[in-house]
Amino acid sequence: MIKSDYLVIGSGIAGLSFALKAAKKGTVSLITKRKLFDSSTGRAQGGVACVTDNLDTFNEHVQDTLISGAGLCDKEMVEKMVKEAPDRIKELIELGVKFTKKDDSHDFDLGLEGGHGKRRVLHAGDVTGGEIEKVLINNVPKFKNITVYEEYTAIDLILDSRGVCCGAYVLNNDKENIEIFQSKVIVLACGGSGKTYLYTSNPDVATGDGIAMAYRAGADIANMEFVQFHPTCLYNSEAKSFLISEAVRGEGAILRLKNGERFMDKYSSQKELAPRDIVARAIDTELKARRESFVYLDITSKSRDFIVRRFPNIYSKCLEYAIDMAKDMIPVIPAAHFFCGGVKIEENGRTDVKNLYAIGETSCSGVHGANRLASNSLLEGIVYADRAYKDSLKLLDRQHSKIEENADNTLYASRNHATAYMHEWEEIRRLAWSYLGIYRSNEKLLKAKKRIDVLKNEIDKYFVQASISVDSIELRNIACIAELILRSAMIRKESRGLHFNVDYPFMLTETCDTILNINIKEDVCGFVSKEKYGHN
Ligand code: SIN
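In every chain, residue numbers begin from 1 and rise along the written sequence. Owing to the predicted nature of the model, reporting of local features is limited to residues with pLDDT of at least 70; listing and counting of side-chain atom pairs is limited to 80 or more, with chain, interface and lining totals taken over all residues. Hydrogens and water are ignored here; the side-chain numbers use all heavy atoms of the structure.

Some words on the pattern of salt bridges
Alright, step 1. Each salt bridge in this description consists of a side-chain nitrogen of Lys or Arg and a carboxyl oxygen of Asp or Glu lying within 4 Å of one another. Counting across every chain of the model gives 50 salt bridges.
Alright, step 2. Close ionic contact of E60 with K118 constitutes a salt bridge, the shortest N to O distance being 2.6 Å. Of this pair, E60 sits in helix α2 (residues 58-68) while K118 sits in the loop between α3 (75-95) and β4 (121-122), and the two are 58 residues apart along the sequence.
Alright, step 3. Among the salt bridges present, the one from R276 reaches E113, with a minimum N-O distance of 3.9 Å. Separated by 163 residues along the polypeptide, R276 in helix α7 (residues 276-290) and E113 in the loop between α3 and β4 bring together distant segments of the chain.
Alright, step 4. Salt bridges sharing common partners tie together K21, R88, E91, D386 and K390. Under the scheme used here, helices are H or I runs from DSSP no shorter than 4 residues and strands are E runs no shorter than 2 residues, and both carry numbers assigned from the N terminus.

In structure tokens form, the structure reads like this:
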């Protein structure tokens, strides 16, 4: 048994920021499935939205976030996040993050992205997440209190007899044995679940582990139907859905059909800089109507010098595939990018399972509503890491909960042989892409339900009978996520933000979060707001 004050699961911006703060007050076990750097944060290109310019205001950032969120954001949470942003950015800079400045000046070079009325995106070239991740990781060794466990895959949370979360069962990937981590505070910072879909901008680790574990532990899961598809991933079978940042459109890139025609003006007065749901749907509509497989992103109006300076990483990646952005248009398609839903949390990061926090993409904090505004995700990660840290201090002087002898550990014992379930893995991801994608319909949802019910049953059965491996853990989790997306999508009888059902093409005048809970079998009861927080 590995005992610490804090157990942090996940090593992106949210998990690392939390761990660096928590280590000043207690011992931290930081576990991550692969290496510390393997997270969605490390791949984030665009930047962090934050009001820093005199001509910009908090209110404008709030309004842009609310408009993008299509009526489902929690306004109070958005206001708090936007106002706390400058302090959190200052902390990142103090840790060593270098955001790009304007030439010969101390002013930040602010980027523009879809849905933003002003330039307010702080960036580090076009590798913002990579820079932040590197700096956070470099700070970890400064804290003796943090023990890093790389190649450790969390399987399930452990609850004591009162239902309080007190740790997790974790697979040691290398030794192939299962270890128990015991803690007073458990923080899920596992990112999202892009790998539930066939095409995604996410890294391989994005298999919804945090959301799936929290669901199995009895936490409320909210708004899983709102899966954001990034409009512009590189269309190339070898590029593994490399992202072409929205910042490229912010600097003037135009979307064109194969015949060169511009089309976004038909869909929004904001054209290429409309919120992501609108741009991704427009591309999908055009591709289906023309039976084509990609559209082009054209930034050839800018000089090579500008492109190389502003987008060095994207420029060199495109060159690897023989695309010279300065003279060639870039073939792009939408791909699954971000989960606006997740583990329902309060403003301090608490879930409704005692001592369990969720932060960053794993959570549903209310700030993204039905569609996240570009570059608000890294911001959410740092803001909620800070809030959760401050709140968790209240739990530190308590005793560790008792983990019962043999507490379900037999379920996991001596099954440590790696097995791959390639067929089911592929099938779920294809199914999600085809039936739970950009355009949904009642028929597609019913088709998905038939297959997902069967697959989920089989996978859960294998999980108990066969060997535990990283593959089986991840497969079980993406199956769980696919089911949660499906059930939430079936509850929502309207189209809003990222959820579009052709059989209900309009927005209802009154709406609320969809909430699923493993202990409540009737999904219809999920479509209500719950007031059951405030424990401890
Ligand atoms: C991008 O650079 O386009 C992605 C940034 C984000 O998802 O907010």
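Looking at the confidence of the model for the protein chain
Alright, step 1. Overall, the prediction assigns the protein chain a mean pLDDT of 92, with 94% of residues at 70 or greater.
Alright, step 2. Per-residue confidence from the predictor is reported as pLDDT, a score between 0 and 100. By definition, residues are in contact when any of their heavy atoms lie within 4.5 Å. In this model, residues 413-418 is a region of pLDDT below 50 whose contacts with residues beyond four sequence positions or in other chains number 14 contacts.
Alright, step 3. A low-confidence stretch, residues 528-536 (pLDDT under 50), is modelled with 27 contacts involving residues beyond four sequence positions or located in other chains.

Digging into the site of the ligand
Alright, step 1. Taken together, the neighbourhood of the ligand is formed by Q45, G46, H230, L243, S245, E246, R276, H337, R372, A374 and S375.
Alright, step 2. Under the rule applied, a polar contact is a pair of N or O atoms within 3.5 Å (in protein, one hydrogen donor and one hydrogen acceptor; residues adjacent in sequence only if both atoms are side-chain atoms). At a separation of 2.7 Å, an oxygen atom of the ligand approaches a polar backbone atom of E246.
Alright, step 3. Surface accessibility follows the Shrake-Rupley procedure with a 1.4 Å probe radius. Residue values consider only the protein chains on display as shielding. Burial of the ligand by the protein amounts to 96% of the accessible area it has alone, namely 260 Å².
Alright, step 4. Note on residue categories: nonpolar means Ala, Val, Leu, Ile, Met, Phe, Trp, Tyr, Cys or Pro, charged means Asp, Glu, Lys or Arg, and polar means any other residue, Gly included. Each residue belonging to the shell around the ligand can be placed in one class, and the counts come to 2 nonpolar, 6 polar and 3 charged. Put simply, a residue is near a molecule or strand once any heavy atom of it comes within 4 Å of that molecule or strand.

A look at the sheet that holds strand β12 (residues 295-298)
Alright, step 1. Strand order in the open sheet made by the 4 strands is β10-β13-β12-β11, with antiparallel pairing throughout. Here the strands that pair on one side only, and so sit at the sheet edges, are β10 (227-234) and β11 (254-256). Pairs of neighbouring strands in the sheet enclose a mean axial angle of 45 degrees, with direction left out of account.
Alright, step 2. Here a strand pair is declared whenever DSSP counts at least two bridges between the two strands. Pairing of β10 with strand β13 (residues 330-339), which is carried by 6 bridges, proceeds in the antiparallel orientation. Directly across from F229, in β13, lies its bridge partner A336.
Alright, step 3. Orientation is described by lines fitted to C-alpha atoms, with helices fitted over the stretch in contact, and by angles between N-to-C directions that extend from 0 to 180 degrees. Here α7 sits on the sheet in contact with β10, β11, β12 and β13, set at roughly 60 degrees to β10.

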